[in-house]
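Working through the structure, step by step
Listed here are the chains, written in short residue letters.
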Amino acid sequence: MSLTELQALEAEHVIPSYARYPVEMVRGEGTRLWDADGNEYLDFLSGISVLNVGHCHPAVVAAVREQVGRLTHVTNLFYTEPAMRLAQRLATSSLGGKVFFCNSGTEANEALLKLVRKAKPRGEIVVLHGGFHGRTYGSLSATTQESKQVPFAPLVPGFVPIQPTVAALEGVVSERTAAVLVEPIQGETGVHALSDEFLLAARAACDRVGAALVFDEVQTGMGRTGTLWAYEQTPVVPDALTSAKALGGGLPIGALVTGPRLADVFQPGDHGSTFAGGPLVAAAANAAFDVLEDPQLLARVRELGERLRERLRALPQLSNVRGRGLMVGFDVPEAPAVARRALLEQRLVVNATGPGTVRLLPPLTVGDAELDDAIGRIAAVV
Ligand SMILES: *Cc1c(COP(=O)(O)O)cnc(C)c1O
């Protein structure tokens with residue numbers, strides 16, 4: 001089928017909730033993608049930080065191939081080894097509590113929202129302007145962006161949006177607060193890291209009133225920022241975090257990970273999901289985990305991130321080059337979609353996020369030459 005035919009099928013049969021790029025992708029390997037005409041792209045978006053291990057990582061492919069012929073699904077009415085092993089790795093690599101599996105980022109946040117409400121009945125949840133937590137009603141209600149929320153009112157009550165300042169935080173956190181929910185680095189609205197000062201104040205305020213400080217690490221987790229979890233590079237430890245995107249090595253899985261205090265809040269019957277943590281996705285996730293927990297890889301992510309930002313800062317047309325590890329944003333003078341389109345023509349896949357920002361999220365396995373090549377293509381366009 002040609003691209004024109006695919007576009008005709010979309011126009012007639014697909015609910016138009018996406019603005020797709022006019023390209024049909026047919027194959028991926030590492031940092032590279034190929035379209036139906038055989039053009040080769042450098043992928044500096046990684047399916048929005050999903051392919052942290054790169055496209056079709058051989059270990060993930062092998063794990064999926066092995067598992068898909070053995071057992072794909074039994075529901076959580078039974079035990080499977082891939083899920084229990086993954087839970088152990090997630091918990092022990094982070095907050096030391098327990099894990100609830102689901103299928104996506106928004107579902108991980110839904111589980112988190114229910115958990116903190118159950119821990120402090122009827123409690124309010126403090127969230128940040130410009131945050132992004134997903135598209136289902138609970139997560140959407142936590143996503144304080146007018147364009148995303150207004151058409152879908154009424155939302156879930158009990159969310160209190162604030163600007164990410166210490167003064168705003170201290171003005172709203174009270175005995176009624178169940179949780180403060182933040183992304184350590186806001187991803188969908190322009191790659192903005194929260195300040196250490198804000199996070200320390202949030203930790204102290206939550207401790208004072210018995211609320212939970214909880215991190216949405218759906219985008220920042222699984223090595224993206226140069227540590228397995230982004231909170232490791234902040235001065236605080238959250239009471240729970242959510243993961244998804246890169247967790248499954250390209251397959252859909254999400255997880256809520258708690259610290260010890262929130263580990264037993266849910267009891268049988270409180271929450272569930274038919275597919276969650278099935279053996280196939282869990283096998284893929286375990287294979288991706290092997291790659292991403294490697295300290296050498298994580299050190300390289302930090303090093304490459306520094307190099308990438310340094311090289312981008314040398315381009316005078318770009319401003320506010322920022323980020324941590326291989327989660328990078330910069331501002332461009334024209335609309336970022338213009339730069340994004342021009343880069344696509346240079347066969348470099350990136351996306352635009354926030355009002356003037358281009359975001360780079362390459363696979364964490366990106367090669368030195370590929371990084372240099374991408375910087376060259378950006379320099380050629382701007
Ligand atoms: C992508 C994202 C989500 C939503 O994840 P889905 O899998 O699309 O539901 C939630 N929070 C953050 C920070 C994200 O980047």
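Residues numbered from 1 in each chain as written. Predicted model: local features only at pLDDT ≥ 70, side-chain atom pairs only at ≥ 80, totals over all residues. Heavy atoms only, no water.

1. Focus: the site of the ligand
Worth spelling out the cut-off: Nearness here has a simple test: a residue counts as near a molecule or strand if at least one of its heavy atoms is within 4 Å of that partner. Polar contact criterion, stated in full: a pair of N or O atoms within 3.5 Å, where within protein one must be able to donate a hydrogen and the other to accept it, and residues adjacent in sequence count only if both atoms are side-chain atoms. Values of accessible area rely on a 1.4 Å probe in the Shrake-Rupley scheme; residue burial ignores everything except the protein chains shown. The secondary structure listing takes helices from DSSP runs of H or I that are at least 4 residues long and strands from runs of E that are at least 2 residues long, numbered from the N terminus. Note on residue classes: Ala, Val, Leu, Ile, Met, Phe, Trp, Tyr, Cys and Pro are nonpolar, Asp, Glu, Lys and Arg are charged, and everything else, Gly too, is polar.
Around the ligand, the surrounding shell consists of Ser104, Gly105, Thr106, Asn109, Phe132, His133, Gly134, Glu183, Asp216, Val218, Gln219 and Lys245. Between the ligand and the protein, one listed contact pairs an oxygen atom with a backbone N or O atom of Gly105 at 2.8 Å. Side-chain polar atom of Gln219 to an oxygen atom of the ligand: 2.8 Å apart, as the coordinates give it. Notes on the ligand: free accessible area 380 Å², of which the protein chains cover 81%. In terms of residue count, helix α5 (residues 105-119) provides more of the shell around the ligand than any other element does, three residues in total. Within the shell around the ligand, the residues separate by chemical class into two nonpolar, seven polar and three charged.

2. As for the nonpolar core
Rules: Side-chain atoms within 4.5 Å link the members of a nonpolar core, which is a set of buried Ala, Val, Leu, Ile, Met, Phe, Trp, Tyr and Cys residues. Type-normalised accessible area, obtained with a 1.4 Å probe on protein chains alone, sets the label of each residue: buried when under 20%, exposed when over 50%, and partly exposed for intermediate values. Segment limits for the domains were obtained from an automatic or database-derived domain assignment. Here, residues are in contact when the closest pair of their heavy atoms is within 4.5 Å.
Counting 78 residues, the largest nonpolar core has Leu312 and Leu360 as its most contacted members. Tallying contributions element by element places helix α10 (residues 279-292) first for this core, with ten residues. Residues lining this core come from more than one domain, with at least three contributed by each of domain 1 (59-292) and domain 2 (296-337 + 377-382). Dropping the residues within four chain positions of it, Leu360 is found in contact with Phe44, Leu308, Leu312, Leu326, Met327, Val328, Phe330, Val350 and Ile378.

3. Observations concerning the packing of aromatic side chains
Rules: Put simply, two rings from Phe, Tyr or Trp (the six-membered ring, in Trp's case) pair if the centres are within 6.5 Å, and we call them stacked under 30 degrees between planes, edge-to-face over 60, tilted for the rest. Each ring is checked for a lysine NZ or an arginine CZ that lies within 6 Å of its centre and within 35 degrees of its normal; such an atom marks a charge sitting over the ring.
Evaluation of the coordinates by the stated rule reveals one aromatic pair. With a centroid separation of 6.3 Å and an interplanar angle of 75 degrees, the aromatic rings of Phe100 and Phe266 are classed as edge-to-face. Taken together, the positions of Phe100 in strand β4 (residues 99-102) and Phe266 in the loop between β12 (254-258) and α10 put the pair 166 residues apart, joining distant regions of the chain. Its relative accessible area of 18% is what places Phe266 among the buried residues. Between the NZ or CZ atom of Arg27 and the centre of the ring of Trp34, over which it lies, the distance is 4.1 Å.

4. Focus: the pattern of salt bridges
As a reminder of what qualifies: Salt bridges are identified by distance alone: a Lys or Arg side-chain nitrogen within 4 Å of an Asp or Glu carboxyl oxygen.
Counted according to the given criterion, the structure contains 20 salt bridges. Notably, a salt bridge pairs Arg176 with Glu124, separated by 3.3 Å at the nearest N-O pair. Taken together, the positions of Arg176 in the loop between α8 (166-172) and β7 (177-182) and Glu124 in strand β5 (residues 124-128) put the pair 52 residues apart, joining distant regions of the chain. You can call Arg176 exposed: its relative accessible area is 56%.

5. Topic: the sheet that holds β12
As a reminder, the rule being used: Note on pairing: DSSP must find at least two bridges between two strands before they are called paired. As a rule, the C-alpha atoms of each element are fitted with a line to give its axis, helices using only the stretch in contact, and angles between N-to-C directions run from 0 to 180 degrees.
Here we have seven strands laid out as an open sheet, ordered β4-β12-β11-β10-β7-β5-β6, and mixed in their pairing. Since the sheet does not close on itself, it has two edges, and those belong to β4 and β6 (159-162), each with one partner. Across this sheet, the average inter-strand angle for adjacent strands is 20 degrees, counted without regard to direction. Bridging between strand β10 (residues 212-216) and strand β11 (residues 240-243) involves three bridges; their strand directions are parallel. Among the inter-strand pairings, Asp216 is bridged to a residue of β11, identified as Thr242. Lying over the sheet, α5 contacts β4, β5, β6, β7, β10, β11 and β12, oriented at roughly 30 degrees with respect to β12. Against the sheet, helix α9 (residues 196-209) makes contact with β5, β6, β7 and β10, and its axis sits at roughly 140 degrees relative to β10, the strand it touches most.

6. Quick notes on a nonpolar patch on the surface
What counts is decided by this rule: What makes a patch is a set of residues exposed beyond 30% relative accessible area and free of salt bridges, joined within 9 Å when like-charged and within 5 Å when nonpolar (Val, Leu, Ile, Met, Phe, Trp, Tyr).
Nonpolar side chains collect at one region of the surface, where Tyr137, Phe152 and Val156 lie side by side and expose about 270 Å² of accessible area between them. One can find Val156 in the loop between α7 (146-149) and β6.

7. A few points about the side chain of Glu183
You can see Glu183 is positioned in the loop between β7 and β8 (185-186). Sequence-distant contacts of Glu183, that is, excluding residues within four places in its chain, are made with Gly130, Gly131, Phe132, His133, Glu188, Leu194 and Asp216.

8. Quick word on the sheet that holds strand β15 (residues 348-349)
Within the open sheet, the four strands sit side by side as β1-β2-β3-β15. Their pairing is mixed. Each edge of the open sheet is held by one strand with a lone partner, namely β1 (25-29) and β15. In terms of strand pairing, strand β2 (residues 32-35) meets strand β3 (residues 40-43) through three bridges, oriented antiparallel. Of the residues in β3, the one forming a bridge with Trp34 is Glu40. Relative to β3, helix α13 (residues 368-381) is tilted by about 100 degrees, and along the sheet it contacts β2, β3 and β15.

9. Some details on the domain arrangement of the protein chain
Going by this rule: Throughout, the accessible surface (probe 1.4 Å) given up by two parts as they are put together, summed over both, is called the buried area.
The assigned domain composition of the protein chain is domain 1 (59-292) and domain 2 (296-337 + 377-382). Computed from C-alpha atoms alone, the centre-to-centre distance between domain 1 and domain 2 is 27 Å. The partner domain 2 presents twelve residues to the 19 residues of domain 1 that form the contact. Roughly 1200 Å² of surface becomes buried between domain 1 and domain 2 when both sides are summed, with 63% attributable to carbon and sulfur atoms. Ranking the residues of domain 1 by area buried against domain 2 places Val191, Arg224 and Gly226 at the top, with a combined share of 39%. Joining domain 1 to domain 2, the criterion identifies zero salt bridges. Viewed at the interface, domain 2 and domain 1 are joined by five residue pairs in polar contact (both at pLDDT 80 or more). Looking at the side of domain 1 that touches domain 2, the elements that each hand over two or more residues are β8, β9 (192-193) and α10.

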